[in-house]
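Reading the structure
Residues per chain, in single letters:
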Amino acid sequence: MDRIDRKLLNLMQHDASRTNLALAEEVGLSPSTCLRRVQRLVRTGVIDRIVAILDPARAGRSIKALVTVELKLHGEQHMRRFLEIASAEEAVSQAYAVTGETDVVLMLRLRDMEEFDALCDRLFRDQTNVARFFTMIVIRTAKEETAIGL
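This write-up is about the structure you can find in this document.

What counts, and at which threshold
- Residues numbered from 1 in each chain as written.
- Predicted model: local features only at pLDDT ≥ 70, side-chain atom pairs only at ≥ 80, totals over all residues.
- Heavy atoms only, no water.
- 1 Å grid on protein atoms, 1.4 Å probe; cavity = no way out; pocket = protein on both sides within 12 Å on 5 of 7 lines; lining within 4 Å.
- Points joined across faces, edges and corners; volume = space filled by probe spheres on them.
- Helix = DSSP H or I, 4+ residues; strand = E, 2+ residues; numbered from the N terminus.
- Nonpolar A, V, L, I, M, F, W, Y, C, P; charged D, E, K, R; others polar.
- Axes fitted to C-alpha atoms, helices over the stretch in contact; angles between N-to-C directions.
- Parallel < 35°, antiparallel > 145°, perpendicular 65-115°, else oblique.
- Left-handed = near helix turned anticlockwise from the far one by under 90°.
- Contact = heavy atoms within 4.5 Å.
- Core = buried A, V, L, I, M, F, W, Y, C linked by side-chain atoms within 4.5 Å.
- Buried < 20%, exposed > 50% of the residue type's maximum accessible area, 1.4 Å probe, protein only.
- Pairing = 2+ DSSP bridges.

In this structure, the largest pocket spans a volume of roughly 1200 Å³. Looking at the largest pocket, it is lined by 31 residues, and the ones nearest its centre are R49, V51, A52, I53 and T146. Of all the elements in the fold, those that place two or more residues in the lining of the largest pocket are helix 1 (3-14), strand 2 (92-97) and strand 3 (104-110). Examining the composition of the lining of the largest pocket, we find that 4 residues originate from one element, helix 1, more than from any other. Broken down by class, the residue content of the lining of the largest pocket amounts to 17 nonpolar, 5 polar and 9 charged.

Below, the structure is given as structure tokens:
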């Protein structure tokens, strides 16, 4: 990846709706060369996907919560099973297996507390292998960035 690739990626991370012509002009390439570079970045997996980033409040999911989860049983199969169950939930926007005392960290985007209560019943109670979980409701976001610094 060279300087032009990094510039293309930075531009696309901040506004992927730019046309190929606009990108080419900004980085000083012909449109066909620019398109080939972007296609290569997609093909090689540097660009994972191109998406629209929604405003959660306007999309009806204004409550953000972070949940740390400690599992009763450890091991790859138990971790994988819990992550599969959690990842299937619509309100779970991010799910991570982590090191330390906590086994899993979940980022939730919720409509309301009733949705959270129902999700707790499905994910954290009965037969889900959860020893305990801790929930933090976000009251203010200081930074939330999708772009990766290059």
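Take the packing of helix 1 against helix 2 (residues 20-27) next. Taken N-terminus to C-terminus, the directions of helix 1 and helix 2 make an angle of 130 degrees; their axes are 10 Å apart at the nearest point. Taken together, the axes of helix 1 and helix 2 lie oblique to each other. In the packing of helix 1 onto helix 2, the handedness of the crossing is right-handed. For the pair helix 1 and helix 2, contact is made by I4, K7, L8, L11 and M12 and by L23, E26 and V27, respectively.

For soluble globular proteins, the rule of thumb is that nonpolar side chains tend to be buried together. Counting residues in hydrophobic clusters, the biggest one holds 21 residues, and the most contacted among them are V69, F82, L106, L108 and F124. Of all the elements in the fold, those that place two or more residues in this core are strand 1 (63-71), helix 4 (76-87), strand 3 and helix 5 (113-124). Those residues in contact with F124, other than ones at most four positions away along the chain, are V67, V69, F82, L106, L119, V130 and F133. With 12 residues, the next largest nonpolar core counts I4, L8, L9 and L41 among its residues.

In terms of strand pairing, strand 2 meets strand 3 through 5 bridges, oriented antiparallel. Bridge pairing in strand 3 links A95 to L106. Remark: 6 residues form the turn of the hairpin made by strand 2 and strand 3, two consecutive strands paired antiparallel; G100 in that turn has positive phi of roughly 100 degrees.

Within the secondary structure, E89 is located in the loop between helix 4 and strand 2. Judged by relative accessible area, E89 falls into the buried class, the value being 15%. Aside from chain neighbours lying at most four places away, what touches E89 is L119, R122 and L123.

Put simply, helix 2 and helix 3 (residues 31-43) touch, their axes get as near as 9 Å, and they point 100 degrees apart. Comparing the axis directions of helix 2 and helix 3 gives the class roughly perpendicular. Between helix 2 and helix 3, the contacting residues are N20, L21, L23 and A24 on the first element and P31, C34 and L35 on the second. The residue makeup of the contact of helix 2 with helix 3, split by class, is 6 nonpolar, 1 polar and no charged.

Before going further, it helps to spend a moment on the sheet that holds strand 4 (residues 130-137). Within the open sheet, the 4 strands sit side by side as 2-3-1-4. Their pairing is antiparallel. Since the sheet does not close on itself, it has two edges, and those belong to strand 2 and strand 4, each with one partner. Within the sheet, the average angular offset between the axes of one strand and its neighbour, ignoring direction, is 20 degrees. The pairing of strand 1 with strand 4 spans 7 bridges and is antiparallel. Within strand 4, the position partnered with L71 by the bridge is V130.

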